[in-house]
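Structural characterization, general
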Amino acid sequence: MTRPTQVTEIDKTELIADGVDAVTLSGAPADAVFTARSFETGESISGTLSDPDTFSTVVPGLWKLKIEKFPYLSWEVVVNAV
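Description of the structure in this document. (Residues numbered from 1 in each chain as written. Predicted model: local features only at pLDDT ≥ 70, side-chain atom pairs only at ≥ 80, totals over all residues. Heavy atoms only, no water.)

**Focus on the pairing of strand β4 (residues 33–38)**
- The side-chain alternation of β4 yields one buried face, formed by Phe 34, Ala 36 and Ser 38, and one unburied face, formed by Val 33, Thr 35 and Arg 37.
- Looking at chain direction, β4 and strand β5 (residues 44–48) are connected through 5 bridges and run antiparallel. Following the sheet pairing, Thr 35 is matched in β5 by Ser 46.
- The loop that links β4 with its antiparallel partner β5 comprises 5 residues; one of these, Gly 42, has a positive phi angle of about 80 degrees. (Buried < 20%, exposed > 50% of the residue type's maximum accessible area, 1.4 Å probe, protein only. Helix = DSSP H or I, 4+ residues; strand = E, 2+ residues; numbered from the N terminus. Pairing = 2+ DSSP bridges.)

Given below as C-alpha coordinates:
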(Lines give C-alpha, C1' and ligand atoms only; values in the text may rest on other atoms or scores of the structure.)
Protein backbone atom coordinates (compact mmCIF):
# COMPACT_ATOMS: atom_id res chain seq x y z
CA MET A 1 0.00 0.00 0.00
CA THR A 2 1.33 3.40 -0.99
CA ARG A 3 1.10 6.11 1.65
CA PRO A 4 -0.63 9.31 0.46
CA THR A 5 1.26 12.60 0.25
CA GLN A 6 0.21 15.61 2.27
CA VAL A 7 -1.16 18.72 0.57
CA THR A 8 0.48 20.96 3.18
CA GLU A 9 1.61 24.35 1.89
CA ILE A 10 3.70 27.20 3.28
CA ASP A 11 3.28 30.84 2.29
CA LYS A 12 6.99 31.80 2.46
CA THR A 13 10.35 30.35 3.45
CA GLU A 14 11.93 33.43 5.02
CA LEU A 15 10.76 35.38 8.06
CA ILE A 16 12.03 38.05 10.40
CA ALA A 17 13.22 36.56 13.71
CA ASP A 18 11.21 39.00 15.82
CA GLY A 19 8.54 36.66 17.22
CA VAL A 20 5.88 38.57 15.27
CA ASP A 21 6.53 37.79 11.61
CA ALA A 22 5.38 34.26 10.86
CA VAL A 23 5.08 31.66 8.14
CA THR A 24 1.61 30.20 7.59
CA LEU A 25 1.14 26.47 7.14
CA SER A 26 -2.11 25.27 5.57
CA GLY A 27 -3.64 22.08 4.26
CA ALA A 28 -2.04 19.82 6.87
CA PRO A 29 -3.96 16.73 8.00
CA ALA A 30 -6.15 17.23 11.09
CA ASP A 31 -4.26 16.84 14.40
CA ALA A 32 -0.88 16.44 12.67
CA VAL A 33 2.27 16.59 14.80
CA PHE A 34 4.39 19.69 14.10
CA THR A 35 8.11 19.87 14.93
CA ALA A 36 10.48 22.81 14.38
CA ARG A 37 14.22 22.36 14.92
CA SER A 38 16.93 25.03 14.73
CA PHE A 39 19.99 23.97 12.77
CA GLU A 40 22.13 26.49 14.69
CA THR A 41 21.12 25.86 18.30
CA GLY A 42 19.48 22.43 18.16
CA GLU A 43 16.45 23.94 19.92
CA SER A 44 13.31 21.99 19.12
CA ILE A 45 9.62 22.62 19.68
CA SER A 46 6.65 20.43 18.85
CA GLY A 47 2.90 20.32 19.18
CA THR A 48 -0.36 19.54 17.43
CA LEU A 49 -1.01 21.56 14.30
CA SER A 50 -4.27 23.33 13.52
CA ASP A 51 -5.21 24.25 9.95
CA PRO A 52 -4.13 26.86 9.18
CA ASP A 53 -1.37 27.47 11.71
CA THR A 54 1.69 29.69 12.01
CA PHE A 55 5.34 29.48 13.07
CA SER A 56 7.41 32.39 14.36
CA THR A 57 10.69 32.62 16.27
CA VAL A 58 13.12 35.07 17.84
CA VAL A 59 16.05 32.71 17.14
CA PRO A 60 17.72 33.59 13.82
CA GLY A 61 19.00 30.96 11.40
CA LEU A 62 17.72 27.95 9.54
CA TRP A 63 14.79 25.95 10.94
CA LYS A 64 13.49 22.60 9.71
CA LEU A 65 9.71 22.37 9.97
CA LYS A 66 8.25 18.87 9.87
CA ILE A 67 4.62 17.71 9.84
CA GLU A 68 3.70 14.08 10.51
CA LYS A 69 0.36 12.27 10.53
CA PHE A 70 -0.05 8.58 9.68
CA PRO A 71 -0.86 7.32 7.08
CA TYR A 72 0.49 10.37 5.23
CA LEU A 73 4.12 10.74 4.23
CA SER A 74 6.06 13.25 6.35
CA TRP A 75 6.23 16.81 5.02
CA GLU A 76 9.37 18.94 5.59
CA VAL A 77 10.62 22.38 4.65
CA VAL A 78 13.55 24.58 5.71
CA VAL A 79 12.85 28.23 6.57
CA ASN A 80 15.33 31.03 7.19
CA ALA A 81 14.74 33.37 10.14
CA VAL A 82 16.73 36.59 9.62
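**Description of the sheet that holds β4**
- As summarised here, the arrangement of the 5 strands in space is β2-β8-β7-β4-β5, forming an open sheet in which the pairing is mixed. A single partner strand is all that each edge strand has here, and the edge strands are β2 (14–15) and β5.
- Looking at chain direction, β2 and strand β8 (residues 75–81) are connected through 2 bridges and run parallel. Pairing of Glu 14 across the sheet is with Asn 80, part of β8.

**Some points on the packing of aromatic side chains**
- Here the structure, examined in full by the defined rule, presents 2 aromatic pairs.
- For the ring pair Phe 34 and Phe 55, a centre distance of 6.1 Å and an interplane angle of 50 degrees mean the geometry is tilted. In this pair, Phe 34 is assigned in strand β4 and Phe 55 in strand β6 (residues 53–55), connecting sequence segments 21 residues apart.
- In this structure Phe 55 comes out as buried when scored by relative accessible area, which is 3%.
- Among the aromatic residues, ring-to-ring pairing joins Phe 34, Phe 55 and Trp 63 into one connected group. (Phe/Tyr/Trp six-rings, centres within 6.5 Å; stacked < 30°, edge-to-face > 60°.)

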